[in-house]
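This is what each chain is made of:
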Amino acid sequence: MSYQIFTDSCSDLPLDFVEQQKIAIISMIITIDGKEYIDDLGKTFDRANFFEQLKEGKQAATSQINIGTYYEAFKPYVEKGEPILYLAFSSSLSGSYNNALSAVQMLKDAYETVDITVIDTKAACLGEGLLVYQAALLKEQGKSLTEVAEWVESHKMKLHSWVTVDDLKHLERGGRISSVAATMGSLLNVKPIIIVNREGSLEPIAKVRGRKKSLHYLVNKTVEGLRNDAEQTIIIGHVGVPDEAEAIKKALLEQVQVKEILIYSYGPTIATHTGFGSVAVFSFGEERI
C-alpha cells in the first residue's frame, strides 16, 4: 500500500532530493526585521541573502508549526485513505511535535479512519534530514511504512550530531550561554562543541581554542564514533562556509571509507539559532551519549 512521508523544513534536505523522492514538507516561519518568511527549502526563500544578514548581525526568530497547519497538511491524505509517516523535529527543541500529535487527535475525532504515524526524531537540522534521507531510500526500495518506521526508531538514537559555531552571540540570544560567557569566549577565541543528546536537546560538551581546532574536533569525534563505515552516509552541514565543509569532507576521507559524504547548507530555522559560520557533521554510530 502506498504511503506518504512527511517531514518539516527543519530537516534542511535539498529541494531537488525532496521533490525527487516526493517527500511532503511542512514549512516553519522565519521572522527577520519584522517580516515573515516561509522556510520552503529554498524554493522561494533566498538562503544566501539570509545568511548574509546573519553575518551582518541581524536578529531572526522562528515559530513552531501550529496545530492548524498540521491539520490542513494531513487532511487530504486522510480523506483519500493514504497512510502518513511524519518524521518530526526534536520535541526538546520545539513544540511542533506535540502540535502534530494534537492535529492527529483532531483528525481522529473528525474521521473514521486515520492512519498517521508520528515519530519524534530527537534530532534537528541535517541530523533529522539524514533520518529522512534514509527513510526515503528505504521506501524507494519497497519497504513498507511499518518497516521504515521501525528502522527510524531503531536508528535515531545511533545518530551522532557534532556541531560547532563561530558566533557566540547567537547562542547567547537563544539562552544557551550567558552574556558573560559569550563575551569572554569571543575575547579568548573559544569555540564550543555541541551535541544533540538522547533527549534531543543541544548540549555543549567541550570548548576549544580556535576555529581550526574546532573543525578538527568534529572530524576526530565523527571518526571515533563511526560504525559500519562502508554503508555510511555522512552529511556535513554549514552556514555560508562551503570551503570549510569541503575541508572536513577531505579530512574524513583521509581516515575512513564510507558510502558517501554529502554537503548541504543549513536552512534558516537552525541557522537562526547557530549563526553564520556554524558547521556540523551527522553520522551513525553507537547509542548516543
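Residues numbered from 1 in each chain as written. Predicted model: local features only at pLDDT ≥ 70, side-chain atom pairs only at ≥ 80, totals over all residues. Heavy atoms only, no water.

Observations concerning the sheet that holds strand E4 (residues 35-39)
Next, step 1: Read across the open sheet, the three strands follow the order E4-E3-E5; overall the sheet is antiparallel. In this open sheet, the two strands that pair with only one neighbour each are E4 and strand E5 (60-63). Averaged over all adjacent pairs, the angle separating strand axes in this sheet is 30 degrees, with direction ignored.
Next, step 2: Of the pairings in the sheet, the one linking strand E3 (residues 28-32) to E4 comprises five bridges and is antiparallel in character. (Pairing = 2+ DSSP bridges. Helix = DSSP H or I, 4+ residues; strand = E, 2+ residues; numbered from the N terminus. Axes fitted to C-alpha atoms, helices over the stretch in contact; angles between N-to-C directions.)

Observations regarding the pairing of strand E1 (residues 4-8)
Next, step 1: Most of E1 sits out of view: five of its five residues are buried.
Next, step 2: Residues of E1 alternate between two faces, with Gln-4, Phe-6 and Asp-8 on one and Ile-5 and Thr-7 on the opposite face, all of them buried.
Next, step 3: Of the strand pairs in this sheet, E1 and strand E6 (residues 84-88) are connected by four bridges, and their pairing is parallel. Of the residues in E6, the one forming a bridge with Thr-7 is Leu-87.
Next, step 4: Where E1 meets strand E2 (residues 24-26), three bridges bridge the pair, whose relative direction is parallel. Its bridge partner being in E2, Asp-8 is matched across the sheet by Ile-26.
Next, step 5: In this fold, the crossover linking E1 to E2 by way of helix H1 (residues 15-20) has right-handed handedness. (Buried < 20%, exposed > 50% of the residue type's maximum accessible area, 1.4 Å probe, protein only. Right-handed = clockwise from strand over helix to strand, strands pointing away.)

Structural notes on the packing of helix H3 (residues 67-79) against helix H4 (residues 96-110)
Next, step 1: For the pair H3 and H4, the least separation of the axes is 8 Å and the interaxial angle reads 50 degrees. On the basis of their axis angle, the class for H3 and H4 is oblique. Like other packed secondary-structure pairs, H3 and H4 cross with a definite hand, here right-handed. Residues Ile-67, Tyr-70, Tyr-71, Phe-74, Lys-75 and Val-78 of H3 lie in contact with H4, whose contacting residues are Ser-96, Tyr-97, Asn-99, Ala-100, Ser-102, Ala-103, Val-104, Met-106, Leu-107 and Ala-110.
Next, step 2: When grouped by side-chain class, the residues that make up the contact of H3 with H4 number twelve nonpolar, three polar and one charged. (Parallel < 35°, antiparallel > 145°, perpendicular 65-115°, else oblique. Left-handed = near helix turned anticlockwise from the far one by under 90°. Contact = heavy atoms within 4.5 Å. Nonpolar A, V, L, I, M, F, W, Y, C, P; charged D, E, K, R; others polar.)

Description of the state of the cysteines
Next, step 1: A full pass over the atoms with the stated rule returns zero disulfides.
Next, step 2: The cysteine Cys-10 is free of any disulfide, with Cys-125 supplying the nearest cysteine sulfur at 6.6 Å.
Next, step 3: Residue Cys-10 is classed as buried on the basis of its relative accessible area, which comes to 0%.
Next, step 4: A relative accessible area of 3% means that Cys-125 is categorised as buried. (Disulfide = S-S within 2.5 Å.)

A few points about the sheet that holds E2
Next, step 1: What the four strands build is an open sheet, ordered E2-E1-E6-E7; its pairing is parallel. With partners counted over all chains shown, the strands left at the sheet margins are E2 and strand E7 (116-120), one partner each. Across the sheet, the mean angle from the axis of one strand to that of its neighbour is 20 degrees, orientation sign disregarded.
Next, step 2: Sitting on the sheet, H4 is in contact with E6 and E7, with an inclination near 165 degrees to E7.

Such coordinate-based values are descriptive only and should not be taken to indicate function.
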